[in-house]
Amino acid sequence: MRRVHLAETESTNTAAAAEAERRWSPERADPIVVSADRQTAGRGRDGRSWASPIGGAYLSVAYPWPRSAIERSGMAPFAAGLALRSALGEATGVAGGRLAIKWPNDALLDGRKVAGVLCERRVMGDAASSDRPATDRDAVVVGVGVNVLGPVEALGEVRVPATTLALAIDRELDPADIADAVATQLVARLDCLLDVGWTEGDHAALNDALAYRGEPVAFTRAGQRHTGTLLGVAADGHALIHLAAQATPARFAAGDIDRLSPADRHDPLDQPSLTDATP
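Heads up: these notes are all about the structure in this document. (Residues numbered from 1 in each chain as written. Predicted model: local features only at pLDDT ≥ 70, side-chain atom pairs only at ≥ 80, totals over all residues. Heavy atoms only, no water.)

### Looking at the environment of cysteine 192
Then, number 1: As for its position among the elements, cysteine 192 is in helix H4 (residues 175-196).
Then, number 2: Remark: the alpha-carbon pair of cysteine 192 and alanine 79, spanning 113 residues in sequence, is separated by 9.2 Å. (Helix = DSSP H or I, 4+ residues; strand = E, 2+ residues; numbered from the N terminus.)

### Describing the sheet that holds strand S11 (residues 250-252)
Then, number 1: Taking strand neighbours across the sheet as the criterion, the five strands line up as S11-S10-S9-S8-S12 in an open arrangement whose pairing is antiparallel. Lying at the two open borders of the sheet, with one neighbouring strand each, are S11 and strand S12 (256-259). Each strand axis lies, on average, 45° off the axis of its neighbour in the sheet, ignoring direction.
Then, number 2: Strand direction decides the pairing type here: strand S8 (residues 216-221) and S12, joined by four bridges, are antiparallel. (Pairing = 2+ DSSP bridges. Axes fitted to C-alpha atoms, helices over the stretch in contact; angles between N-to-C directions.)

### A word on the pairing of strand S9 (residues 224-233)
Then, number 1: Pairing of S8 with S9, which is carried by six bridges, proceeds in the antiparallel orientation. Bridging from a neighbouring strand, valine 217 pairs with glycine 228 of S9.
Then, number 2: In sequence, S8 turns back onto S9 through a hairpin of two residues, with alanine 222 there showing a positive phi of about 55°.
Then, number 3: Alignment of S9 against strand S10 (residues 239-242), held across four bridges, turns out to be antiparallel. In the sheet register, glycine 232 faces S10, and the bridge partner there is leucine 240.
Then, number 4: If you look at the hairpin formed by S9 and S10, you'll find five residues sitting between the two strands, and glycine 237 has a positive phi there, around 95°.

### Points about the environment of tryptophan 198
Then, number 1: Relative to the assigned elements, tryptophan 198 resides in the loop between H4 and helix H5 (200-208).
Then, number 2: By relative accessible area, tryptophan 198 is classed as buried at 19%.
Then, number 3: Taking C-alpha positions, tryptophan 198 is 7.4 Å from arginine 72, a pair spaced 126 residues apart along the chain.
Then, number 4: With residues near it in sequence (within four places) discarded, tryptophan 198 still touches Met75, Phe78, Ala79, Leu82, Leu193, His203, Leu206 and Ala235. (Buried < 20%, exposed > 50% of the residue type's maximum accessible area, 1.4 Å probe, protein only. Contact = heavy atoms within 4.5 Å.)

### Describing the pairing of strand S2 (residues 32-36)
Then, number 1: Of all the five residues making up S2, five are buried; the element is thus mostly covered by neighbouring parts of the structure.
Then, number 2: The side-chain alternation of S2 yields two buried faces, one formed by Ile32, Val34 and Ala36 and the other by Val33 and Ser35.
Then, number 3: With five bridges connecting them, strand S1 (residues 2-6) and S2 associate as parallel partners. Among the inter-strand pairings, leucine 6 is bridged to a residue of S2, identified as alanine 36.
Then, number 4: Handedness of the crossover is the feature at issue here: the chain leaves S1, passes through helix H1 (residues 12-23), returns alongside S2, and the resulting connection is right-handed.
Then, number 5: Relative to strand S3 (residues 57-66), S2 runs antiparallel, the two sharing five bridges. Looking across to S3, one finds that isoleucine 32 is bridged to alanine 62. (Right-handed = clockwise from strand over helix to strand, strands pointing away.)

### Topic: unusual backbone geometry
Then, number 1: A cis amide bond links tryptophan 103 to the next residue, proline 104, at an omega of 5°.
Then, number 2: Along the chain, proline 104 turns up in the loop between strand S4 (99-102) and strand S5 (106-109).
Then, number 3: With a phi close to 55°, aspartate 110 is a non-glycine residue in the positive phi region.
Then, number 4: The backbone of tyrosine 212 shows a phi angle near 70°, a positive value even though the residue is not glycine.
Then, number 5: The topology assignment puts tyrosine 212 in the loop between H5 and S8.

Now the structure itself:
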């Protein structure tokens, strides 16, 4: 694993992909980790900006992924969420019960967003540039931003109430140590995903760590807002939500899930048992 640290970059995802394009060859391609003290154009899901002030841990892993196993890369966001949760717990000593995964892969600490993940696939080699040798692999680029130090106000406007690790624990923290812990866990999880695939144990761990499971939620997809009860995550990564108007759970592949506040619960929501649908 090659590590590169920058004082500042526009986006660690972009920088990691560029490093991979420069350094990987048909004969050898090792994971590349690019970290930075600050991003000037950090990105989140769906084109959202990610505030990246000094005091956070910002990193991306460019992981070589064979095209012959491309179907397994679809679970990379969920593997990254599990890796992030494990790394934050180990690096800070925060109990696992305080850390949750907000589908698909944000990390919540005490119900507030403390980190986020952005996964991208980058085409490498001959398909990307005619002057490079042919290769049978692409890059899965996993970017992570962790709020470590500094005031919450510096994070700008956020959809979900935010927090920092420093607000949760009473000891010194070094963003570089957090970045190293996350990078190590990410590479290990991606190794397992590539070699073994998404296992029943991974699926169970994701559901155990899932934020808002069994609670009323609001779900936005394609500009439409739905409300229901979050049952869990299916083995293929779809969120399963019980909607009052449907007998079977709705399956959502993309969108945003948020806890439904009591003030928004105008009508009683069905509260089915979690066994009514098998995640």
